[in-house]
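Chain by chain, the residues run as shown.
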Amino acid sequence: MTTKKSVTIYWAIIGLLLLTIAGLVLKFVVLGRTGTAADGRVTILLEPSERAVVLNEMRQFLAGIQGMLEAAERGDAAAIAKIARPLGMAAAHNVPAGLAAKLPLEFKTLGHSVHGDFDRIAMDAEAMNDARLSLRQLGETMKKCVACHATYQIAAMPVAVR
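Everything in this summary refers to the structure shown in the same document. (Residues numbered from 1 in each chain as written. Predicted model: local features only at pLDDT ≥ 70, side-chain atom pairs only at ≥ 80, totals over all residues. Heavy atoms only, no water.)

### Overview of the overall build of the chain
Filter applied, for reference: Labels follow the DSSP assignment, with helices taken as runs of H or I lasting at least four residues and strands as runs of E lasting at least two, numbered in each case from the N terminus. Working definition: with a 1.4 Å probe on protein chains only, accessible area under 20% of the residue-type maximum means buried, over 50% means exposed, and in between means partly exposed. The Shrake-Rupley method, run with a 1.4 Å probe sphere, supplies the accessible areas, and residue values consider only the shown protein chains as cover.
Across its full length, the chain carries seven helices and three strands. Each helix (α) and strand (β) of the chain, taken in turn from the N terminus, gives the series α-β-β-α-α-α-α-α-α-β. Taken across its 162 residues, the chain has 33% of its residues classed as buried. Carbon and sulfur atoms form 66% of the exposed surface of the chain, whose accessible area is close to 9,800 Å².

Structural data, given as structure tokens:
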């Protein structure tokens, strides 16, 4: 085989490998494992145990928000910080990599943003001791929660998909 043909074959193989990698990145990093719900929302298809992880995290957010609201009503910025801190980015690192690969990029981006918001709320509550500021920040974060729930539905994968 001539050198020119060998180079052409190598470039073709490299091109195919790059396309394969791009397809895998698109599937596992950007798109996730999704479908469409009857109400038009994006359905994120997960194993039942993975679904439980995501829903548990949402329940932790909700319980934290409830506690932060009570603390804000008392004007207790220190309590707000204490409640918000564990909901920050430290909690985001607890998501298993296999689960994260099944989540669409926009969902992951929104989730990381919410975790970052809780970190910011905790830091500002400690630094400024202003429960009203924390309450305003929490209101902004809640808009992301509402947007996420309006856009996504978490469902267990049908048996045929598994």
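### Describing the layout of surface pockets
Inclusion rule: Within this scheme a cavity is a closed region of a 1 Å grid, computed over the protein atoms alone, that accommodates a 1.4 Å probe without allowing it to escape, whereas a pocket is open but has protein on both sides within 12 Å along at least five of seven lines; lining residues each have an atom within 4 Å of a point. Grid points are joined across faces, edges and corners, and a volume is the space filled by probe spheres set on the points.
Of the pockets and cavities examined, the largest pocket occupies roughly 650 Å³. Forming the walls of the largest pocket are 30 residues, and the residues nearest its centre are Glu57, Met58, Phe61, Gly111 and His115. Breaking the lining of the largest pocket down by element, the ones donating at least two residues are helix H2 (48-74), helix H4 (89-92), helix H5 (97-102), helix H6 (105-128) and helix H7 (131-151). Per-element tally for the lining of the largest pocket: the top contributor is H2, with nine residues.

### Details of a nonpolar patch on the surface
Formally: Patch definition: residues with relative accessible area over 30% and no salt bridge; like charges joined within 9 Å; nonpolar side chains (Val, Leu, Ile, Met, Phe, Trp, Tyr) joined within 5 Å. Any Lys or Arg side-chain nitrogen found within 4 Å of a carboxyl oxygen on Asp or Glu counts as a salt bridge.
Together, Val7, Ile9, Tyr10, Trp11, Ile13, Ile14 and Leu17 line one region of the surface with nonpolar side chains, adding up to about 720 Å² of accessible area. With respect to the helices, strands and loops of the structure, Tyr10 is situated in helix H1 (residues 3-31).

### Quick notes on the sheet that holds strand S2 (residues 42-46)
So the rule is basically this: Strands are treated as partners if at least two bridges between them are detected by DSSP. Only the stretch in contact is used when a helix axis is fitted, and all axes are lines through C-alpha atoms; the angle between N-to-C directions ranges over 0 to 180 degrees. Whether two residues touch is decided by their heavy atoms; if any such pair falls within 4.5 Å, the residues are in contact.
Ordered in space as S1-S2-S3, the three strands form an open sheet in which the pairing is mixed. The strands lining the two open edges of the sheet, one partner per strand, are strand S1 (34-36) and strand S3 (152-156). The mean angle between the axes of side-by-side strands here comes to 35 degrees, regardless of whether they run parallel or antiparallel. Relative to S2, S1 runs antiparallel, the two being bridged by three bridges. If you follow Thr36 over to S2, its bridge partner there is Val42. Along the sheet, H2 makes contact with S2 and S3, crossing S3 at roughly 140 degrees.

### Quick look at the pattern of salt bridges
All told, the structure shown has seven salt bridges when counted by the stated rule. Between Arg41 and Asp39 there is a salt bridge, with its nearest N and O atoms 2.8 Å apart. With a shortest N-O distance of 2.7 Å, Arg85 and Glu126 are connected by a salt bridge. One end of the pair, Arg85, is in the loop between helix H3 (77-84) and H4; the other, Glu126, is in helix H6, with 41 residues separating them in the sequence. The network of salt bridges with common partners includes Asp117, Arg120 and Lys144.

### Describing the nonpolar core
Selection criterion: For our purposes a nonpolar core is just a set of buried Ala, Val, Leu, Ile, Met, Phe, Trp, Tyr and Cys residues, chained together by side-chain atoms within 4.5 Å.
Counting residues in each nonpolar core, the largest one holds 18 residues, and the members touching the most others are Met68, Ile80, Ala84, Phe118, Ile121 and Leu138. Elements that contribute at least two residues to this core include exactly H2, H3, H6 and H7. Setting aside residues no more than four positions away along its own chain, Ile121 makes contact with Met68, Ile80, Ala84, Ser134, Gln137, Leu138 and Thr141. Counting residues in hydrophobic clusters, the runner-up holds 11 residues, among them Leu46, Leu99, Leu103 and Tyr152.

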